[in-house]
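What the coordinates show
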Amino acid sequence: MASASSAILPFPSVLTRWEPCLLSKAAFTKRFNALRFVPRSTLSDNSGLLQAAKHTVDSYVRSGMVVGFGAGHASGLAIHYLGQQLKAGTLKDIIGIPTCVGSASEAATAGILLEPYEGSLEIHLAFSDADVIEEDTLSVVIGRRKMMGDESIIHEKTILGAAETLVFIVGENRYKSGLDGSIPVLIQPLNWMETAEEIDDLFLGDAEVWRRPSIGHADPLGGDFPMVTKEGYNVLDVIFTSPIISLAEIANSLDQVDGVVEHGVICRRPCTAVIATENGLRVIDNKLMLEAGSP
Ligand SMILES: O=C[C@H](O)[C@H](O)[C@H](O)COP(=O)(O)O
């Protein structure tokens, strides 16, 4: 049993069911790392990610395209490089559809013409970072970061999902099997604690359910200022401390829970991962896996 000084209690509902689980300091740190929000400005410009970003633009962007700009450091590098290609005349007539405040700001700085997303708009390509990508299936988790302003996971997923071609740009530390960490889940505010408890039951022993705070540190109820999305939904971070066998199956389970509106898993859709490794770039797609009907 951990020392009481480092005790952190899981979601209050479980307190009625069994002895409070005291987390060790290591588990506490691991949990908060799962929720760590690293401002992009503090990320070093990893040259591998820069190569991956350039490869993505050079390989997938063509003049005249409408391009969805995802969130994250690597996406910012790709947007910046795309702006350079436009200035050099290598690419022309690109319209950007930003998924978040960060990518909109990067694109405006790069001089790229932006348009707000409308359902009828054809998006030829979208690229984005991902918090983690599941090996082989290329199912991904997005949305772990602290959303700025009126950012929305729903908006982000809608644009990425609407793209004809979808590319994720990551470092190799984010491409893994048996992944763990948090999955953001948007739920209706009505009876939200019952929904949270149902999710807690669903993954009992494998994950803890924490309500996301809008500022400050989380506690299971979201602290003094729990986050509410621009659409009016509460945000839970379902933090997996055991390896996830299949992200798609987790997504499917979450989709079945009454009160769940959306989550940060993108799965079962054709996409490509451009992965920066120590030995160069790995470019992987999941078309064969999807054709084989993998979970
Ligand atoms: O949409 C992408 C993800 O949700 C995260 O926002 C992104 O991965 C975080 O950015 P970075 O890759 O810079 O950590």
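As annotated in an unreviewed UniProt entry, the protein carries the name ribose-5-phosphate isomerase and is attributed to Cinchona calisaya. Looking at the Pathway (unreviewed entry) heading of the UniProt record, one finds this comment for the protein: "Carbohydrate degradation; pentose phosphate pathway; D-ribose 5-phosphate from D-ribulose 5-phosphate (non-oxidative stage): step 1/1." Annotation of the protein in UniProt includes, under Catalytic activity (unreviewed entry), the sentence "aldehydo-D-ribose 5-phosphate = D-ribulose 5-phosphate".

Quick look at the side chain of E134
One can find E134 in strand β5 (residues 132-134). Buried and unpaired, E134 has no salt bridge, with R268 as the nearest side chain of opposite charge at 9.0 Å. At 2.8 Å, the side chain of E134 and the backbone nitrogen of L247 are in polar contact. When neighbours within four sequence positions are excluded, E134 is seen to be in contact with S139, Y175, K176, L179, I245, S246 and L247.

Focus: the pairing of strand β9 (residues 181-187)
A regular strand carries its side chains on alternate faces of the sheet. With seven of seven residues buried, β9 lies mostly within the body of the structure. Here β9 pairs with strand β11 (residues 234-240) via seven bridges, running antiparallel. Pairing of P184 across the sheet is with D237, part of β11.

Quick word on the domain arrangement of the protein
The domain boundaries assigned to the protein delineate domain 1 (25-177 + 268-291) and domain 2 (179-264). On a C-alpha basis, the centres of domain 1 and domain 2 stand 23 Å from each other. Across the boundary between the two partners, domain 1 contributes 25 residues, which contact 31 residues of domain 2. Counting across the domain 1 and domain 2 interface gives one salt bridge. Notably, a salt bridge pairs E262 with K157, separated by 2.7 Å at the nearest N-O pair.

Thoughts on the confidence of the model for the protein
Model confidence for the protein is summarised by a mean pLDDT of 86, while 84% of its residues fall at 70 or above. Low pLDDT, under 50, characterises residues 1-26; the predicted model gives this stretch 49 contacts beyond four residues in sequence or across chains. Note that residues 28-45 has pLDDT below 50 and, in this model, 36 contacts with residues that lie over four places away or in other chains. Confidence metrics for the complex model read pTM 0.83 and ipTM 0.93.

Observations regarding the site of the ligand
Contacts to the ligand come from 14 residues, most closely from H73, D129, G143, R145 and E156. The separation between an oxygen atom of the ligand and a polar side-chain atom of D131 is 3.1 Å. Relative to its unbound accessible area of 360 Å², the ligand is 93% covered by the protein chains.

Description of the packing of helix α2 (residues 47-60) against helix α3 (residues 73-88)
Two elements in contact, α2 and α3, have axes separated by 8 Å at closest approach and are oriented at 50 degrees. On the basis of the axis angle, α2 is oblique to α3. With respect to the hand of their crossing, α2 and α3 are arranged in right-handed fashion. Facing α2, whose interface residues are L49, L50, A53, K54, V57 and D58, α3 presents H73, A74, L77, A78, Y81, L82 and Q85.

Cut-offs and rules
Residues numbered from 1 in each chain as written. Predicted model: local features only at pLDDT ≥ 70, side-chain atom pairs only at ≥ 80, totals over all residues. Heavy atoms only, no water. UniProt positions renumbered as here; feature names shortened; annotations may be inferred. Helix = DSSP H or I, 4+ residues; strand = E, 2+ residues; numbered from the N terminus. Buried < 20%, exposed > 50% of the residue type's maximum accessible area, 1.4 Å probe, protein only. Lys, Arg positive; Asp, Glu negative; His and termini not counted. Salt bridge = Lys/Arg side-chain N within 4 Å of Asp/Glu carboxyl O. Polar contact = N/O pair within 3.5 Å; in protein donor to acceptor, adjacent residues only side chain to side chain. Contact = heavy atoms within 4.5 Å. Pairing = 2+ DSSP bridges. Domains from an automatic or database assignment. pLDDT = per-residue confidence, 0-100. Near = heavy atom within 4 Å. Areas by Shrake-Rupley, 256 points an atom, 1.4 Å probe, with all protein chains shown as cover. Axes fitted to C-alpha atoms, helices over the stretch in contact; angles between N-to-C directions. Parallel < 35°, antiparallel > 145°, perpendicular 65-115°, else oblique. Left-handed = near helix turned anticlockwise from the far one by under 90°.

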